[in-house]
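Structural overview for review
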Amino acid sequence: TVVLADDRFGEGVEAGDGHLGVYRSSRFQENLCAVSNLHPLFLRHQERFFTGKSDETDLRRLDLPAPALAEDVSEWAVSAGLAYRYGDGRKVFFRFEHGYRIPTLDEIFQYAPPTWTLTNTKLPTERVTSWEVGIEHAFSDTLSARATLWWSVLDNELYYNNLTFVNDTYDRTIHRGFDVGIDAQPFDFLSCSLSYSYQDAVFDASPYRGEPIPLIP
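Just so it is clear, the model here is predicted, and its values are computed rather than measured.

This part takes up the pairing of strand β12 (residues 190-203). Bridge count between strand β11 (residues 166-187) and β12: 13 bridges; the pairing is antiparallel. Bridged to Ile 182 within β12 is Leu 194. Between β11 and the antiparallel strand that follows it, β12, lie 2 residues.

Laid out in structure tokens, this is it:
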């Protein structure tokens with residue numbers, strides 16, 4: 001990965017394996033700043049895999065090709081945020097993000113009963129768009145609190161299907177919730193932290209639209 005940047009201006013260009021990233025950090029005034037990141041991805045991936053029961057010689061003898069994956073991937077990710085400081089240790093912020101996750105090789109290629117043969121599930125790329133807004137407030141040098149509300153929409157959310165014993169995806173899901181916390185330091189030698197998180201995850205596509213997603217804590 002190569003990064004071209006000038007820390008004086010908080011902006012630059014990042015290039016790596018199949019991706020190009022552009023980021024910028026701006027301060028509009030003393031208490032207001034914004035951060036943005038953009039990362040397109042262009043990738044071609046091809047691999048060949050062999051089962052644990054048959055090697056390449058067995059595949060040639062049976063006149064069968066080795067299971068392979070060849071796929072062109074073109075995705076983009078962006079992150080943008082805005083924060084306003086209204087005092088020492090006090091700020092409100094907003095963040096928008098869009099990202100993706102390409103299925104790993106062991107999620108795409110797997111053995112599944114009853115045949116226990118190598119299966120290529122052709123899983124699509126998982127995509128997520130999320131928003132969050134929050135506040136951090138210091139009451140004193142030894143006591144502070146924080147709270148964040150967030151909302152995420154996922155397409156092709158990956159999950160393990162217990163009925164078919166293979167990985168699969170949901171069409172569209174919504175995850176939403178909040179996080180709150182308190183930090184305190186009553187003594188120089190003692191720090192305390194208390195936090196609570198809540199998440200509500202539901203389907204956003206038929207036939208289970210509005211129903212909770214199973215196995216989500």
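On we go from here.
Quick look at unusual backbone geometry now. For the bond running from Ser 206 to Pro 207, omega is 5 degrees, close enough to zero to count as cis. In this fold, Pro 207 is placed in the segment after β12. A positive phi angle, close to 60 degrees, is found at Asn 156, a residue other than glycine. Residue position: Asn 156 is located in strand β10 (residues 143-161). Judged by relative accessible area, which is 17%, Asn 156 ranks as buried. Backbone geometry places Leu 215, a non-glycine residue, at a positive phi of 65 degrees. Locating Leu 215 in the fold gives a position in the segment after β12.

Let us look at the packing of aromatic side chains. By the definition in use, this model includes 7 aromatic pairs. Summarising the aromatic geometry, the rings of Phe 187 and Phe 189 are spaced 5.4 Å apart at their centres and angled 10 degrees between planes, so their arrangement reads as stacked. A ring pair is formed by Phe 203 and Tyr 208, whose centres lie 5.9 Å apart and whose planes are at 45 degrees; its orientation type is tilted. Classification of Tyr 208 by relative accessible area gives exposed; the value is 51%. An aromatic cluster is present here, built from Tyr 159, Tyr 170, Phe 203 and Tyr 208 joined pairwise through their rings.

Basis of the calculations
- Residues numbered from 1 in each chain as written.
- Predicted model: local features only at pLDDT ≥ 70, side-chain atom pairs only at ≥ 80, totals over all residues.
- Heavy atoms only, no water.
- Pairing = 2+ DSSP bridges.
- Helix = DSSP H or I, 4+ residues; strand = E, 2+ residues; numbered from the N terminus.
- Buried < 20%, exposed > 50% of the residue type's maximum accessible area, 1.4 Å probe, protein only.
- Phe/Tyr/Trp six-rings, centres within 6.5 Å; stacked < 30°, edge-to-face > 60°.

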